[in-house]
Amino acid sequence: AADNTQGIALIDKTTNEYILNEDTQGYAHSLKIEGDYIYLADGPNGVRIISLKEILTPRIITKSTSIKKSDNIVVIMNINLDSSTISSSTITLKDEDGNVISSDISLSNKTITINPKSDLIQNQTYTITLNSQIKNTYGYELGNEERFSVSVGSAPKQDSVDISGTWKMSGGYS
């Protein structure tokens, strides 16, 4: 929708989520979507042409980069993904030697969770690859393969505490 001085807003009618909310620096008074483009009448700025593909192409917003050995790896995308394109064949976790680590992969809207079936090894770095054929719910593909690394830190140190002494019945300790 053209939203006057607020710019434009694209809202997914099925989820009521904002896909795009952008101040256009003009006076957005009408728009038309045709094919993969938005044609926006933006007051004194004239007509702007905005590519839907640029807006709707899935991109990583945030991801795990350092975890504990038993943690899941989480990837958050900019847009809801098509669950039929999320699997162990489109998302892989590999160790430093290039061996695939068996994992359960799940999706909740924009959030991908990679749950290794066994604990990862401390002080190792793993590589996550997202296949270019992952799609969002509008059919747009990731386009390029995405790779990033996750390091597995040491487990928190367990300090021992000396509790030797004599307890008194009144609740005190000596």
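Residues numbered from 1 in each chain as written. Predicted model: local features only at pLDDT ≥ 70, side-chain atom pairs only at ≥ 80, totals over all residues. Heavy atoms only, no water.

Draft legend 1. Here's a closer look at the overall build of the protein. Within the protein, the regular secondary structure consists of one helix and 13 strands. Mapped from its N terminus to its C terminus, the protein presents α and β elements in the order β-β-β-β-β-α-β-β-β-β-β-β-β-β. When the 174 residues of the protein are sorted by exposure, 31% land in the buried category. For the protein, the exposed surface amounts to about 10,900 Å²; the carbon and sulfur share of it is 45%. (Helix = DSSP H or I, 4+ residues; strand = E, 2+ residues; numbered from the N terminus. Buried < 20%, exposed > 50% of the residue type's maximum accessible area, 1.4 Å probe, protein only. Areas by Shrake-Rupley, 256 points an atom, 1.4 Å probe, with all protein chains shown as cover.)

Draft legend 2. View of the confidence of the model for the protein. When pLDDT is averaged along the protein, the result is 83; 84% of the residues meet or exceed 70. Confidence drops under a pLDDT of 50 for residues 155–174, and excluding neighbours within four residues, the segment shows 11 contacts in the predicted structure. (pLDDT = per-residue confidence, 0-100. Contact = heavy atoms within 4.5 Å.)

Draft legend 3. Geometry of the sheet that holds strand 4 (residues 37–42). As summarised here, the arrangement of the three strands in space is 3-4-5, forming an open sheet in which the pairing is antiparallel. Each edge of the open sheet carries a strand with a single partner, namely strand 3 (28–34) and strand 5 (47–51). Averaged over all pairs of adjacent strands, the angle between their axes in this sheet comes to 20°, without regard to strand direction. Sheet topology note: the strand 3/strand 4 ladder contains six bridges and is antiparallel. Among the inter-strand pairings, Leu31 is bridged to a residue of strand 4, identified as Leu40. (Pairing = 2+ DSSP bridges. Axes fitted to C-alpha atoms, helices over the stretch in contact; angles between N-to-C directions.)

Draft legend 4. Local environment of unusual backbone geometry. Even without being glycine, Asn109 reaches a positive phi, approximately 60°. Structurally, Asn109 can be placed in the loop between strand 10 (103–108) and strand 11 (111–116). Among the residues examined, Asn109 registers a relative accessible area of 48% and is labelled partly exposed.

Draft legend 5. Spatial organisation of the nonpolar core. Formed by 20 residues in total, the largest nonpolar core has its most connected members in Ile73, Ile91, Leu93, Ile112, Leu120, Ile128 and Leu130. Mapped by element, the contributors of at least two residues to this core are strand 8 (73–77), strand 9 (91–94), strand 11, strand 12 (125–130) and strand 13 (146–152). Every residue in contact with Ile128, bar those within four places of it in the chain, is listed here: Ile73, Ile91, Thr92, Leu93, Ile114, Glu146, Arg147, Phe148 and Val150. Counting residues in each nonpolar core, the second largest holds 12 residues, with Ile8, Ala28, Leu56 and Tyr140 among its members. (Core = buried A, V, L, I, M, F, W, Y, C linked by side-chain atoms within 4.5 Å.)

Draft legend 6. Quick peek at the pairing of strand 12. Sheet topology note: the strand 9/strand 12 ladder contains four bridges and is antiparallel. From the neighbouring strand, Thr92 faces strand 12, where its bridge partner is Thr129. Bridge count between strand 12 and strand 13: six bridges; the pairing is antiparallel. Bridge pairing in strand 13 places Leu130 opposite Glu146.

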